Amino acid sequence: MRFNPEEITSVIRAELESFDAKIDVAEVGTVLEVGDGAARIYGLENAAAGELLEFENGVRASVFNLEEGSIGVVVLGDDTEIHEGMTIKRTGELLDVPVGEAMLGRVVDALGNPIDGKGPIKAEGRRAIEMIAPGIADRQPVKQPLQTGIKAIDSMTPIGRGQRELIIGDRQTGKTVIALDTIINQRDSDVKCVYVAVGQKDSTVAQTVQALEEAGAMDYTTVVVASASQPAPLQYIAPYSGCAIAEHLMYNHNAHTLVVYDDLSKQAVAYRQLSLLLRRPPGREAYPGDVFYLHSRLLERAVKLSDDLGAGSLTALPIIETQEGEVSAYIPTNVISITDGQIYLQPQLFRAGVRPAVDVGISVSRVGGAAQVKAMKHKKVAGGLRLNLAAFRELEAFAALGTDLDAATQAQLDRGLRMVEILKQPQFQPMHVVDQVAIIYAGAAGHIDKVPLADVRRYEVELLQHLKDMHNEFREKLVANPDLDEENEAELDRICSQFTETFLAGKAHDPR
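Since we're looking at a predicted model, the values are computed, not measured.

> Can you help me understand the pairing of strand β2 (residues 38–42) in this one?
For a regular strand, the rule is simple: side chains alternate between the two faces of the sheet. Within β2, four of the five residues are buried, which leaves the element mostly enclosed by the surrounding structure. Alignment of strand β1 (residues 28–35) against β2, held across five bridges, turns out to be antiparallel. When the sheet's bridge partners are listed, V31 is paired in β2 with I41. Count of turn residues in the β1/β2 antiparallel hairpin: two residues, of which D36 carries a positive phi of about 55°. Here five bridges tie β2 to strand β5 (residues 70–75), and the two strands are oriented antiparallel to one another. The partner of R40 across the bridge, within β5, is G72.

This is the structure we're talking about:
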């Protein structure tokens, strides 16, 4: 058999021309030990803090500790398939999540993967979950109200767009309800919402999503879930993921956003677990020394952006659960010092039927009247409400001793009881700010002093219905410009006086 040298030459030349040298270079490490969502890796000397890594079976991890000779990583998924000796490689990327308006109406996990059975999400892009908070020059003062729809909060501890307002209290005191009411109240506003559920039962999250759907709030809300059944690393990163989703809407769509972190106590516990597993030195209550930074770098991302950056906002409502009302514990005091005020829910008030159980004495908003409409700031509405309620609480304690009271003191006590009744509100029934102003004014101006205490709730419902049915033009005027000037105050006073007369005469407007 004879070979033709020319044919061989042409074949070799063709092969050389089509040869494409692709060398896949990856920096690879080895698993030394793994367990409970954390692993120690040998090698990867050039890995960066927070960098995304990938095990040979596809499970991802994030760099948590950088030590001499090894690194500690947190496993972002099932660690049961990971074993000693398995290889892991660098990706050169930071942990990120899908973002965009397509995320609204969806329920996702801490990595942004959909878990609602509605198919894949067509995201606009991806955003790193850890971002540096905006600087001083990028911000402007918080002055635009974010209405919660809750009378006790909008009147006494108002929240502004870009603010960080802590909701704090023992378990089962209505913390989540306040957050959900605030989300539901954004139906007719331009605020987009993100609800982050950390360490909750799956059944509880399902009920929350159902409540939001029934109220029509899921259309503008993203729910990020890291439930109690999921690994600690996912509970640790979930709040940052939720913040990144909201930040994208704020920066890229000039949107106003609201993020609820429910709750950061459980995130701190997950962070403590990971820190102890990777042998970080424990401090007070066994939390690591940087647990303050865990929450400060998250909550500092709440901002009211300057006009040059689009004037969007990110409002944060972190939730903290206390044990036996201990607000001076480590995590509660940390978050109180980071936020712009707190809404404290008292178990005794809750059990007494005062719901929302807002403790007027401890609750405060450091933004204050800057985040209220003019009508609410009026001296006969929210102007003296906090002081009057505080004085009432003192009188109530005094009256409990059985002491005889003079007529003026008894009248003040009676009005206080009626104001407390007015500030009660059923869950998932947020109220428009104009309706809040009307009923609080009726109470503060003395129109309900002669209304029997048992009939105050009925009086409220029928007064607001009367305002909509018989004086809708005046109500719409207040909705367009919520300012209680002399003319508007006189008109509201006249409406309340006439309605009170007919109500006491037994001829109150029938809402049916």
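> Could you clarify how one ought to interpret the packing of aromatic side chains in this entry?
Between two aromatic rings, the relevant description is the distance of the centres plus the angle of the planes. In total, this model carries eight aromatic pairs according to the counting rule given. Their ring planes at 90° and their centres at 5.8 Å tell us that F64 and Y236 sit as a pair that is edge-to-face. Of this pair, F64 sits in strand β4 (residues 60–66) while Y236 is found in helix α5 (residues 232–253), placing the two residues 172 residues apart along the sequence. A relative accessible area of 11% places F64 in the buried class. Between the aromatic rings of F499 and F503, the centroid separation amounts to 5.9 Å while the plane-to-plane angle is 35°, which identifies the pairing as tilted. Here F499 and its partner F503 are both found in helix α17 (residues 486–504), four residues apart, which amounts to about one turn of the helix. An aromatic cluster is present here, built from F64, Y236, Y240 and Y271 joined pairwise through their rings.

> I tried to follow the pairing of strand β11 (residues 191–198) on my own but got confused; where do I start?
Counting buried residues along β11, seven of its eight residues qualify, which places the element largely inside the surrounding structure. In this structure, β11 lies alongside strand β13 (residues 256–262), joined through seven bridges in parallel fashion. Bridging from a neighbouring strand, V194 pairs with V259 of β13. Bridge count between β11 and strand β12 (residues 221–226): six bridges; the pairing is parallel. By the bridge assignment for β12, V196 is matched with V224. With helix α4 (residues 202–214) bridging β11 and its parallel neighbour β12, the resulting β-α-β unit is right-handed.

> How should I be thinking about the packing of helix α15 (residues 456–470) against α17 in this particular structure?
Packed helices, taken two at a time, are described by the angle between their axes plus the distance between the axes. Relative to each other, α15 and α17 sit at 125°, their axes nearing to 11 Å. Between α15 and α17, the angle falls in the class oblique. Crossing of α15 against α17: the hand is right-handed. Packed against α15, whose contacting residues are R458, Y459, E462, L463, H466 and L467, the element α17 presents I495, C496, F499, T500 and F503 at the interface. The class makeup of the residues in the contact of α15 with α17 is seven nonpolar, two polar and two charged.

Reading the values: the criteria
- Residues numbered from 1 in each chain as written.
- Predicted model: local features only at pLDDT ≥ 70, side-chain atom pairs only at ≥ 80, totals over all residues.
- Heavy atoms only, no water.
- Buried < 20%, exposed > 50% of the residue type's maximum accessible area, 1.4 Å probe, protein only.
- Helix = DSSP H or I, 4+ residues; strand = E, 2+ residues; numbered from the N terminus.
- Pairing = 2+ DSSP bridges.
- Phe/Tyr/Trp six-rings, centres within 6.5 Å; stacked < 30°, edge-to-face > 60°.
- Right-handed = clockwise from strand over helix to strand, strands pointing away.
- Axes fitted to C-alpha atoms, helices over the stretch in contact; angles between N-to-C directions.
- Parallel < 35°, antiparallel > 145°, perpendicular 65-115°, else oblique.
- Left-handed = near helix turned anticlockwise from the far one by under 90°.
- Contact = heavy atoms within 4.5 Å.
- Nonpolar A, V, L, I, M, F, W, Y, C, P; charged D, E, K, R; others polar.

Geometry only, nothing functional implied.
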